[in-house]
Amino acid sequence: MSPTPSRTLVLLAHPRLSASRINAALLGAARDVEGITLHDLYHAYPDGFIDVAAEQQRLLAHDNVVLQFPIQWYAMPALLKHWFDEVLQAGWAYGQDGHALRGKGLFVAATSGGDPEGYGRHAAQFTLAELFRPIEASARYCGMRWLGHAAYGANERINARLPEFAADYRARLAAFTRGDAHPEHDSR
């Protein structure tokens, strides 16, 4: 008898998902992975009013959280930031008696409008790892395990690489549900 798979929540935060081939491909790759729950924040909260209690219950029901979003002006989309501000409350996610997320894993799966290799000291002045430091700091502050990040580039060669990106993402998600959550920081 095989062990029960971990449950991984994929929080998708893309304000224009219908216009994103890469995020649609990643989402499609995630759909058939056992133990994965997909949750589209922009679909669930088109008005921006977040049901905090429902989101907290959703987090409690999962072992790992994956944040899937496009990098917009070197940051996460506005609704995802709003979600952080509303859902990760003192006394629940951090602070005295705030232990609800302790031990859960957090991973970032981000997409960029160009090659992820374009981030770095020579181009944008900051690497992707540096750009994701606030998310990593938030995870650690809440007692979560930082599982790293993967970045997928949405450049002119995207169509040729979509199957590769989707397979990589599917493999990472499957690893999380098996408990093999040791991804490397990388860019695709």
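See the structure above.
Anyway, here's the lowdown on the structure attached to this text. (Residues numbered from 1 in each chain as written. Predicted model: local features only at pLDDT ≥ 70, side-chain atom pairs only at ≥ 80, totals over all residues. Heavy atoms only, no water.)

Two faces, one strand: in a regular strand the side chains alternate between the faces of the sheet. Where strand E1 (residues 8–12) lies against strand E2 (residues 36–40), five bridges are found, and the strand directions are parallel. Within E2, the position partnered with leucine 11 by the bridge is histidine 39. (Pairing = 2+ DSSP bridges. Helix = DSSP H or I, 4+ residues; strand = E, 2+ residues; numbered from the N terminus.)

For soluble globular proteins, nonpolar side chains are generally found buried alongside one another. Within the largest apolar cluster, 33 residues are counted, with the highest numbers of intra-cluster contacts made by Leu67, Phe69, Trp83, Leu88 and Ile135. Listing elements by their share of this core, those giving two or more residues are E1, strand E3 (64–70), helix H4 (78–87), strand E4 (105–112), helix H5 (128–131), helix H6 (133–141) and strand E5 (145–153). Per element, the largest residue contribution to this core is five residues, and it comes from H4. With residues up to four places along the chain from it excluded, the contact list for tryptophan 83 reads Leu11, Leu41, Ile50, Glu55, Leu59 and Leu88. (Core = buried A, V, L, I, M, F, W, Y, C linked by side-chain atoms within 4.5 Å. Buried < 20%, exposed > 50% of the residue type's maximum accessible area, 1.4 Å probe, protein only. Contact = heavy atoms within 4.5 Å.)

Time to look at the side chain of histidine 39. Summarising the element assignment, histidine 39 is placed in strand E2. By relative accessible area, histidine 39 is classed as buried at 10%. If we skip the residues at most four places from it in the chain, histidine 39 touches Leu9, Val10, Leu11, Leu12, Ala44, Tyr45, Glu55 and Arg58.

In this section: the packing of aromatic side chains. The tally for this structure, following the rule as stated, stands at five aromatic pairs. Measuring from centroid to centroid gives 6.2 Å for phenylalanine 69 and phenylalanine 132, while their planes differ by 85°, and the two rings are edge-to-face. You can see phenylalanine 69 sitting in strand E3 and its partner phenylalanine 132 sitting in the loop between H5 and H6, a full 63 residues away along the chain. When sorted by exposure, phenylalanine 69 lands in the same class as phenylalanine 132, which is buried. (Phe/Tyr/Trp six-rings, centres within 6.5 Å; stacked < 30°, edge-to-face > 60°.)

Looking now at the pattern of salt bridges. Tallied over the full model, the rule gives six salt bridges. Aspartate 32 is paired through a salt bridge with arginine 170; the nearest N and O atoms lie 3.3 Å apart. Separated by 138 residues along the polypeptide, aspartate 32 in the loop between helix H1 (21–31) and E2 and arginine 170 in helix H7 (residues 158–178) bring together distant segments of the chain. Under the relative-accessibility criterion, arginine 170 is labelled partly exposed at 32%. Residues glutamate 55 and arginine 58 are paired through a salt bridge, measuring 2.6 Å at the closest nitrogen-oxygen approach. Here glutamate 55 and its partner arginine 58 are both found in helix H3 (residues 52–60), three residues apart, which amounts to about one turn of the helix. Taking the relative accessible area as the measure of exposure, arginine 58 reaches 25% and is therefore partly exposed. Via salt bridges that share partners, Arg133, Glu136 and Arg140 belong to a single interconnected network. (Salt bridge = Lys/Arg side-chain N within 4 Å of Asp/Glu carboxyl O.)

So, on to the pairing of E4. Burial of E4 is extensive: eight of the eight residues sit out of reach of the surface. Summarising the sheet, E3 and E4 pair through seven bridges and their orientation is parallel. Residue pairing for E4: glutamine 68 is matched across the bridge by alanine 109. In this region the chain leaves E3, passes through H4 and returns to the parallel neighbour E4; the handedness of that crossover is right-handed. Sheet topology places E4 next to E5; seven bridges connect them, and they run parallel. Counted as the bridge partner of threonine 111 is tyrosine 152 from E5. (Right-handed = clockwise from strand over helix to strand, strands pointing away.)

Further remarks concern unusual backbone geometry. Phi is positive for tyrosine 74, which is not a glycine, with a value near 65°. Looking at the element boundaries, tyrosine 74 is found in the loop between E3 and H4. What makes tyrosine 74 partly exposed here is its relative accessible area of 42%. The phi dihedral of aspartate 97 falls on the positive side, at around 70°, and the residue is not glycine. Relative to the helices and strands, aspartate 97 is located in the loop between H4 and E4.

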